[in-house]
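# Fold and geometry: a report
This is what each chain is made of:
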Amino acid sequence: MLNFPDNFLWGAATAGHQVEGNNINSNWWEMEHAPNTHVAEPSGDAADSYHRYREDIGLLASLGMNCYRFSIEWSRIEPERGVFSRAALDHYRRMIDTCLEFGVEPIVTLMHFTVPRWFQHDGFWRAGDAADLFARYTETALGILTDRVKYVCTINEPNIAAMLAGGEDASNLVAYGLPHPDLQVADALLESHRRSREVLSQVSGIKSGWTVATQAFQPTDEDGSEEMVHKFGYVRDGWYSEAAQGDDFVGVQAYTRNFIGPEGPKKRSDDIETTLTGWEFFPPAAELGIRDVWKRSGQTPVMVTENGIATADDERRIAYTDGALRGIHAAISDGIDVLGYQHWSLLDNYEWAAGYRPTFGLIEWDKETFKRHPKPSAHWFGRVAQANALPDASGASQDEQRS
Ligand code: BGC
């Protein structure tokens, strides 16, 4: 068996806007309903996890997982500038308490791409007071985190957020094409992250960090070079990992790899296996992300806060996850401090501009009744979590998949 460290956190992740439904005060909701939007379909009720969170957390626990990464929505907590909702805070307090009741470690993200409409209209991350506002929101959330939550992710994928802000079509969150990041936004996100961490550090016992979308940039064989990769990749990926130095942990969110040629990202060939988001099926992405972040961040403990694939073929999800976990195990065996693994995603979710077509979930749900149906991968993953180990030959785990 490939054993994982004691107390390894095994779980799945979601984000508020992608599963809760009716997140109407967020900038994304507004964009989904704007005339000429590029978004494939609006988020609507999503998985109605806002009301069904107890069932979702209970299911996660009964499958064998021991942590749940989810986000709290700033736009619900502060629906108008300076106006805070006690009811929304209470809702998230209940979510956290439900995790604890089921023996599940809550891992809370403060900002997972979406911001309140008013924040967008008042200048977004380019506003002079953006970091003050994010620090104030963190302060407000502190009451429900204190004594309950050990791991807080301040900002989800600041590198993707800065690229989206820099791209011509900010709504194109899937197949985002890796535009040049808006460096003013990147700086504001880093300042906001640091201010937020200052607030969180008032509470002993809270560990905080941000989560980086690691891109596993590689040179193309024919005309790429390490220098090109550095030039292209540093502002989109490496800079954010370096900035995590000194944080309590850093999140790695890995899905695929990207080849870089003289003109930027390059398609390798037509015959590679791709997923429903068009990304290469590439299980080593997580291991590469961990190794890169560990090195750049000066050996900051790593949490794999997202990893998974969009597929309608659940056997490929198992194969991908099995491969990813083997790589993660190898990184741990080399001495890298990996705290846990959260699969993306617990539920089939609203995949931003691509709508509901790409299915990342371990659990699917009925569009009309919202009834949850765990996929075979959910059971497989739960068994791995329970064992805190993988069979040491992937063949064995293939047999297990069929059982
Ligand atoms: C994001 C998620 C998204 C996932 C798959 C990450 O970029 O944090 O919100 O659903 O990747 O695209």
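Refer to the structure printed above.
Residues numbered from 1 in each chain as written. Predicted model: local features only at pLDDT ≥ 70, side-chain atom pairs only at ≥ 80, totals over all residues. Heavy atoms only, no water.

### Digging into the sheet that holds strand 2 (residues 9–13)
On the basis of which strands lie adjacent, the closed barrel formed by 8 strands has the order 2-3-4-5-6-8-11-12 and parallel pairing. Between one strand axis and the next, the sheet turns by 25 degrees as a mean value, whatever way the strands run. Summarising the sheet, strand 2 and strand 3 (residues 67–71) pair through 3 bridges and their orientation is parallel. What sits directly across from A12, in strand 3, is Y68. Against the sheet, helix 9 (residues 183–200) touches strand 4 (105–111), strand 5 (151–156) and strand 6 (207–214), its axis set at about 160 degrees to strand 5. The strands touched by helix 12 (residues 285–296) are strand 6, strand 8 (250–254), strand 11 (302–307) and strand 12 (338–344); relative to strand 8, the strand with the most contacts, the crossing angle is about 150 degrees. (Pairing = 2+ DSSP bridges. Helix = DSSP H or I, 4+ residues; strand = E, 2+ residues; numbered from the N terminus. Axes fitted to C-alpha atoms, helices over the stretch in contact; angles between N-to-C directions. Contact = heavy atoms within 4.5 Å.)

### Structural notes on the pairing of strand 12
Remember that side chains alternate between the two faces of the sheet whenever the strand is regular. Most of strand 12 sits inside the fold, with 7 of its 7 residues counted as buried. In the classification by handedness, the crossover that spans strand 11, the intervening helix 13 (residues 314–333) and the parallel strand 12 is right-handed. (Buried < 20%, exposed > 50% of the residue type's maximum accessible area, 1.4 Å probe, protein only. Right-handed = clockwise from strand over helix to strand, strands pointing away.)

### Description of the pattern of salt bridges
If you walk through the whole model with that rule in mind, you get 27 salt bridges. A salt bridge links D122 to R81; the nearest nitrogen and oxygen atoms lie 2.8 Å apart. Of this pair, D122 sits in the loop between helix 6 (117–121) and helix 7 (130–145) while R81 sits in the loop between helix 4 (74–77) and helix 5 (86–101), and the two are 41 residues apart along the sequence. A relative accessible area of 37% means that R81 is categorised as partly exposed. The shortest N-O distance in the salt bridge between R257 and E280 comes to 2.9 Å. One end of the pair, R257, is in the loop between strand 8 and strand 9 (258–261); the other, E280, is in the loop between strand 10 (264–266) and helix 12, with 23 residues separating them in the sequence. Each member of the pair R257 and E280 is classed as buried. What emerges from the salt-bridge pattern is a single network uniting R81, D122 and D129. (Salt bridge = Lys/Arg side-chain N within 4 Å of Asp/Glu carboxyl O.)

### Focus on the sheet that holds strand 10
Spatially, 7-9-10 is the arrangement adopted by the 3 strands of the open sheet, whose pairing is mixed. The outermost strands of the open sheet, each flanked by one partner alone, are strand 7 (217–219) and strand 10. The mean angle between the axes of side-by-side strands here comes to 50 degrees, regardless of whether they run parallel or antiparallel. Bridge count between strand 7 and strand 9: 3 bridges; the pairing is parallel. Considered in strand 9, the bridge of P219 is made with I260. Across the sheet, helix 10 (residues 226–233) touches strand 7, strand 9 and strand 10, and the angle it forms with strand 7 is around 150 degrees.

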